[in-house]
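Architecture at a glance
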Amino acid sequence: HKLGDERLSKASALGEAEARRQAGERLQGQTVSELQAARDRLQGQLRDHKQAFRDLDLSEACFQDLRRRPEEELTLREFVCVQVHDQRLKLRGEVEASRRALEQTSEQLRLEKDSLEALQRDHQRALRAAGHLEEGLRSELASLGKRFEEQRNRLTQAESRLEAA
């Protein structure tokens, strides 16, 4: 009788273990299915969020309206749109300031080039004038040299006549 009770106890324990194993498999099967369903649901949400953030442009009126609302009341998309628009405004300001600085620098460069070209023209003109002046002075010097020689010859002749007289 004891042996039969022991067998019955072991059979009962074995049956309970088998039932627990089957329940675990069912639970594991349900958990895998639930995890797959959750994964699919989360992937869908991710696609939706990505799609929501593809276009972050706001009109100025919409930006001003959202800007007046407290951040806590904004949806995540609205908050991101406001931040992106704000950054774009800052960058546009920086780009505009850079463009103006470039225009000023370009204008200054043009003025400097014009000034340099005028100085070069004046320098060339002065060089030509100096060349003409030098040529005129050489001619005058040659003429004076001839006159000096003529005067010296005359003086020599006059001295010779005075000595002869």
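Residues numbered from 1 in each chain as written. Predicted model: local features only at pLDDT ≥ 70, side-chain atom pairs only at ≥ 80, totals over all residues. Heavy atoms only, no water.

Some thoughts on the overall build of the chain
A count of helical and extended segments in the chain gives three helices and zero strands. Since a compact globule built from 165 residues should have a radius of gyration of about 15 Å, the 54 Å found for the chain marks it as more spread out than a globular shape. Each of the three principal axes of the chain carries a C-alpha extent, and together these read 190 × 50 × 20 Å. Evaluated residue by residue, the chain yields a buried proportion of 6% over its 165 residues. (Helix = DSSP H or I, 4+ residues; strand = E, 2+ residues; numbered from the N terminus. Rg over C-alpha atoms; globule rule 2.2 N^0.38 Å. Buried < 20%, exposed > 50% of the residue type's maximum accessible area, 1.4 Å probe, protein only.)

A look at helix α3 (residues 76-164)
Because an α-helix completes one turn every 3.6 residues, residues spaced three or four positions apart along the sequence face the same direction. Relative to the 132 Å expected for 89 residues at 1.5 Å per residue, α3 spans 128 Å between its end C-alpha atoms, a close match to the ideal helical length. Turning to α3, its buried residues are Cys81, Val82, His85 and Asp86. Against the buried residues of α3 lie α2 (60-68). (Expected span 1.5 Å × (residues − 1). Contact = heavy atoms within 4.5 Å.)

Focus: the pattern of salt bridges
Scanning the entire structure with this criterion turns up ten salt bridges. Between Glu96 and Arg99 there is a salt bridge, with its nearest N and O atoms 2.2 Å apart. Of this pair, Glu96 and Arg99 both sit in helix α3, separated by three residues, roughly a single helical turn. The partner of Arg110 in a salt bridge is Glu107, and the shortest N-O contact between them spans 2.5 Å. (Salt bridge = Lys/Arg side-chain N within 4 Å of Asp/Glu carboxyl O.)

Focus: the nonpolar core
The biggest cluster of nonpolar side chains holds seven residues, and these are Leu56, Leu58, Phe63, Leu66, Leu74, Cys81 and Val82. Look past the residues within four positions of Leu58 in its chain and what remains in contact with it is Phe63, Leu66, Cys81, Val82 and His85. (Core = buried A, V, L, I, M, F, W, Y, C linked by side-chain atoms within 4.5 Å.)

Points about the confidence of the model for the chain
A residue-level look at the chain finds 90% of positions with pLDDT of 70 or above and a mean pLDDT of 86. Confidence scores differ between elements of the chain, with helix α1 (residues 2-52) showing the lowest mean pLDDT of 73 and α3 the highest of 93. (pLDDT = per-residue confidence, 0-100.)

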